[in-house]
Amino acid sequence: MWTSVLLLAVAVNLEPTRFVLVPLLLARDRPILQLLAYLIGVVTVNLVFGFLILFVFERNPLGTSASGGGRAQIAVGALALAIAAFMVLRASRTARGRTQSADRADPTPKRRLRIDNFADRVRRFLGRGRSPWLAGLLGTIIGIPSIDYLAVLLIIGTANKQPPEKASALVAFVLVGSLVVMAPLIGYLISPTKTLDRISRFADWTRTRSQVEYAGILALIGLILIGVGWSHL
């Protein structure tokens, strides 16, 4: 369970949109407070939702039994492989159509455009006021459980572990998955200029990665999950 949880938590940090948000929050008045409010919003939503699913509702995620932890990891790994294969297929179709459109030849411009559009929407949202409550609200919205988070809940919920260890795994996932926000928060307190520069450069790097590269990372995670799940059968 722990290997899968931590692996997926690290993968969450690779989402390009997270690197877009941090510079925007640090550019506002009282940047530390803004980033902290956003972090609290994300962590609160994830923890509340996770604890409700794991310990309040009568059945765990997808209604699976507690003996199916290994099978759950294999299922999540297989899903990751399927998504990776779809991404590669879509990228190859785009490449084959390069003679019809120069833009379709390289998926990077489209990818960058989508992320830039997301950044513009967030900038307009944050531009409505200087209060950190807006940053907290944004964190609450972003923290709404995604597919990868539901997959983690499935793995934790079906693991043959005691409730305290399951709770610890959930907290660990949320905290490790928020490193992309916590690290700049700490770095900005120490050296604001260097932190902003590093965030900007790393954000540019993530935005220029191709779908095939991200598919490769996802496929690797899927294979590891399948291997871990298989060893627990």
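Conventions used here
Residues numbered from 1 in each chain as written. Predicted model: local features only at pLDDT ≥ 70, side-chain atom pairs only at ≥ 80, totals over all residues. Heavy atoms only, no water. Core = buried A, V, L, I, M, F, W, Y, C linked by side-chain atoms within 4.5 Å. Buried < 20%, exposed > 50% of the residue type's maximum accessible area, 1.4 Å probe, protein only. Helix = DSSP H or I, 4+ residues; strand = E, 2+ residues; numbered from the N terminus. Contact = heavy atoms within 4.5 Å. Expected span 1.5 Å × (residues − 1). Axes fitted to C-alpha atoms, helices over the stretch in contact; angles between N-to-C directions. Parallel < 35°, antiparallel > 145°, perpendicular 65-115°, else oblique. Left-handed = near helix turned anticlockwise from the far one by under 90°. Polar contact = N/O pair within 3.5 Å; in protein donor to acceptor, adjacent residues only side chain to side chain. Phe/Tyr/Trp six-rings, centres within 6.5 Å; stacked < 30°, edge-to-face > 60°. Patch = residues over 30% accessible without salt bridge, like charges linked within 9 Å, V, L, I, M, F, W, Y side chains within 5 Å. Areas by Shrake-Rupley, 256 points an atom, 1.4 Å probe, with all protein chains shown as cover. Salt bridge = Lys/Arg side-chain N within 4 Å of Asp/Glu carboxyl O.

(A) Main features of the nonpolar core. With 41 residues, the main nonpolar core has Tyr 38, Ile 156, Leu 170 and Phe 173 as its most contacted residues. The element best represented in this core is helix 3 (residues 31-56), accounting for nine residues. Those residues in contact with Tyr 38, other than ones at most four positions away along the chain, are Leu 21, Leu 25, Ala 135, Gly 136, Leu 138, Gly 139, Ile 142 and Val 181.

(B) Region of interest: helix 8 (residues 147-158). Here helix 8 contains twelve residues, and its C-alpha end-to-end distance of 17 Å stays within 8% of the 16 Å for a straight helix at 1.5 Å per residue. The buried fraction of helix 8 is high, at nine of twelve residues. Those residues of helix 8 that sit buried are Tyr 149, Ala 151, Val 152, Leu 153, Leu 154, Ile 155, Ile 156, Gly 157 and Thr 158.

(C) Spotlight on the packing of helix 3 against helix 9 (residues 163-176). Remark: helix 3 packs on helix 9, axes separated minimally by 10 Å, with the N-to-C direction vectors making an angle of 155 degrees. Taken together, the axes of helix 3 and helix 9 are roughly antiparallel relative to one another. Here helix 3 and helix 9 pass one another in a crossing that is right-handed. On the side of helix 3, the interface is formed by Val 43, Asn 46, Leu 47, Gly 50, Phe 51, Leu 54 and Phe 55, while helix 9 contributes Pro 163, Lys 166, Ala 167, Leu 170, Val 171 and Val 174.

(D) Examining the side chain of Asn 13 more closely. Inspection of the secondary structure puts Asn 13 in the loop between helix 1 (2-12) and helix 2 (16-26). The buried category is assigned to Asn 13, whose relative accessible area is 10%. A distance of 2.9 Å separates the side chain of Asn 13 from the backbone nitrogen of Val 180, its partner in a polar contact.

(E) Expanded view of the packing of aromatic side chains. A complete count under the given rule lists three aromatic pairs for this structure. The rings of Phe 49, Tyr 149 and Phe 173 are connected pair by pair, giving a single aromatic cluster.

(F) Looking closely at the environment of Leu 134. Inspection of the secondary structure assignment puts Leu 134 in helix 7 (residues 132-142). When the C-alpha atoms of Leu 134 and Tyr 38 are compared, they prove to be 8.3 Å apart, with 96 residues separating the residues in sequence.

(G) Just a nonpolar patch on the surface, in detail. Together, Val 48, Leu 52, Phe 55, Val 56 and Phe 57 line one region of the surface with nonpolar side chains, adding up to about 440 Å² of accessible area. For Phe 55, the location among the structural elements is in helix 3. A relative accessible area of 34% means that Phe 55 is categorised as partly exposed.

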